Amino acid sequence: MNMKITPIKLRRINAGLESTQAAENLNISMSTFYKLEQGYQKPSAVLIARMAKIYNCTTDEIFKDFKITG
């Protein structure tokens, strides 16, 4: 499977997290995690907040990574 490096994936890597750790910390399944990280699914508001916390960034940065505009 060709895994592209998306902004959110880069953020996870920079946070020093393996995908399994990140999925566990976010309390989501691996399949959901991959869909999010590969850009096939957008995260919920709750998930965005969790991502910002574990990736040590702001929710605004997560919105930008997913190209979500208000």
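Figured I'd write up the structure that's included with this text. (Residues numbered from 1 in each chain as written. Predicted model: local features only at pLDDT ≥ 70, side-chain atom pairs only at ≥ 80, totals over all residues. Heavy atoms only, no water.)

By the definition in use, this model includes three salt bridges. The salt bridge partner of R11 is D65, with a shortest N-O separation of 2.5 Å. Here the residue R11 occupies a position in helix α1 (residues 7-14), and D65 occupies one in helix α5 (residues 59-65), the gap between them amounting to 54 residues. For the pair R11 and D65, a shared accessibility class is recorded, and that class is buried. Between E37 and R12 there is a salt bridge; the shortest N-O distance is 2.7 Å. Taken together, the positions of E37 in helix α3 (residues 30-37) and R12 in helix α1 put the pair 25 residues apart, joining distant regions of the chain. R12 shares its class with E37; the two are buried. Through salt bridges that share partners, R11, E61 and D65 make up one connected network. (Salt bridge = Lys/Arg side-chain N within 4 Å of Asp/Glu carboxyl O. Helix = DSSP H or I, 4+ residues; strand = E, 2+ residues; numbered from the N terminus. Buried < 20%, exposed > 50% of the residue type's maximum accessible area, 1.4 Å probe, protein only.)

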